[in-house]
Amino acid sequence: MGRSSAFAYGIFSYIFFLVTLLYAIAFLGNFMVPKTIDSGEQGTVVAAVFINLLLLSIFALQHSIMARPAFKKIWTKVIPETIERSTYVLLSTVALGLICSFWQPLTGVIWDFSGSNIGTALWLLFWGGWLIALCSTFMIDHFDMFGLRQTYLHLNERNFNRRGFQKLFFYKLVRHPIMTGFLIAFWAAPVMSVGHLLFTVVMTIYIYIAVKHFEEKDLVDIIGPDYIAYQQDVGMLIPGVGKRK
């Protein structure tokens, strides 16, 4: 793949991700888009749960397997290393799009605070969670995280080097503020349906397992003693909670 083609591929993957993410926010918030987490005709509970768990499993497996260094080592023998991150972003977006497209509603209501002060507070938390997640990407390297920096440097015939470990802003409070933002947004639903709760509980479990047992291990292997000290000083997902002893 040529330098210009790789850069165009990176831009396409990034834009596709942004559009799908905006749709996913509206999907979870039940507004503006034709298919939301609670819209559509509900079928049998068993079928709906099976399909939804399958969709979440595809998303989780794609995220976890493709993010591992061992997989990347093999994968970059198949595709150019320059577009490895952009390809990860593209396939992650496809997995997210599958959830938004084929999710089966389970419309029983767990709680409904719409039109109340609690509901307003939950809306603020919903948007605040997404804002925390977005801002956190820029506190490390947003364009590196989504593959654009790699393809841009390749376009300009410059070598790609990883940024050094830094502890900035939200990262002084928790080690994974992007995931913290997601969890806040997932749980802060003014109206929590059974389907939304299923999504939220499964994603919460997945995030905890993936961060604690996979991503943290990779970061210790890559960064070394500095990250171990960071684990001892800062909580994992909640400030002060999950410090390494």
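See the structure above.
These numbers were taken from a predicted model, which means no experiment stands behind them.

(A) Representation of the environment of Thr 200. Inspection of the secondary structure puts Thr 200 in helix 9 (residues 194-223). Of the residues examined, Thr 200 reaches a relative accessible area of 0% and is grouped as buried. For the pair Thr 200 and Ala 185, spaced 15 residues apart in sequence, the C-alpha to C-alpha distance is 9.4 Å. If sequence neighbours within four positions are ignored, Thr 200 has contacts with Phe 186, Trp 187 and Met 192. Within the local environment of Thr 200, its side chain forms a polar contact with the backbone oxygen of Phe 186, the two atoms lying 3.2 Å apart.

(B) Broad picture of the packing of aromatic side chains. Under the counting rule described, the total for this entry stands at 21 aromatic pairs. With a centroid separation of 6.2 Å and an interplanar angle of 80 degrees, the aromatic rings of Phe 126 and Trp 130 are classed as edge-to-face. Highlighted residues: Phe 126 and Trp 130, both in helix 5 (residues 117-140), separated by four residues, approximately one helical turn. According to the relative accessible area criterion, Trp 130 is buried, its value standing at 10%. Plain terms: the ring middles of Phe 165 and Tyr 227 are 5.9 Å apart, the flat faces sit at 70 degrees to each other, and that makes the pair edge-to-face. With Phe 165 in the loop between helix 7 (148-155) and helix 8 (177-187) and Tyr 227 in helix 10 (residues 225-233), the pair connects residues that are 62 residues apart, well separated along the chain. Of the residues examined, Tyr 227 reaches a relative accessible area of 2% and is grouped as buried. Through successive ring pairs, a cluster of aromatic residues spans Phe 31, Trp 103, Trp 123, Phe 126, Trp 127, Trp 130, Phe 182, Phe 186 and Phe 199.

(C) Geometry of the packing of helix 1 (residues 3-29) against helix 7. Interhelical geometry of helix 1 versus helix 7 gives an angle of 160 degrees and a closest axis separation of 8 Å. Taken together, the axis directions place helix 1 and helix 7 in an arrangement best described as roughly antiparallel. Read as a crossing pair, helix 1 and helix 7 show a hand that is left-handed. In contact with Arg 3, Ser 4, Ala 6, Phe 7, Gly 10, Ile 11 and Tyr 14 of helix 1, helix 7 contributes Leu 148, Thr 151, Tyr 152, His 154 and Leu 155.

(D) Here's a closer look at unusual backbone geometry. Unlike most non-glycine residues, Asn 30 shows phi in positive territory, near 60 degrees. Residue placement: Asn 30 occurs in the loop between helix 1 and helix 2 (45-66). Taking relative accessible area as the criterion, Asn 30 reaches 31% and is therefore assigned partly exposed. If you check the backbone angles, Glu 157 has positive phi at about 55 degrees while not being a glycine. Structurally, the position occupied by Glu 157 is in the loop between helix 7 and helix 8. On the accessibility criterion, Glu 157 (60% relative accessible area) is exposed.

Scoring rules and cut-offs
- Residues numbered from 1 in each chain as written.
- Predicted model: local features only at pLDDT ≥ 70, side-chain atom pairs only at ≥ 80, totals over all residues.
- Heavy atoms only, no water.
- Helix = DSSP H or I, 4+ residues; strand = E, 2+ residues; numbered from the N terminus.
- Buried < 20%, exposed > 50% of the residue type's maximum accessible area, 1.4 Å probe, protein only.
- Contact = heavy atoms within 4.5 Å.
- Polar contact = N/O pair within 3.5 Å; in protein donor to acceptor, adjacent residues only side chain to side chain.
- Phe/Tyr/Trp six-rings, centres within 6.5 Å; stacked < 30°, edge-to-face > 60°.
- Axes fitted to C-alpha atoms, helices over the stretch in contact; angles between N-to-C directions.
- Parallel < 35°, antiparallel > 145°, perpendicular 65-115°, else oblique.
- Left-handed = near helix turned anticlockwise from the far one by under 90°.

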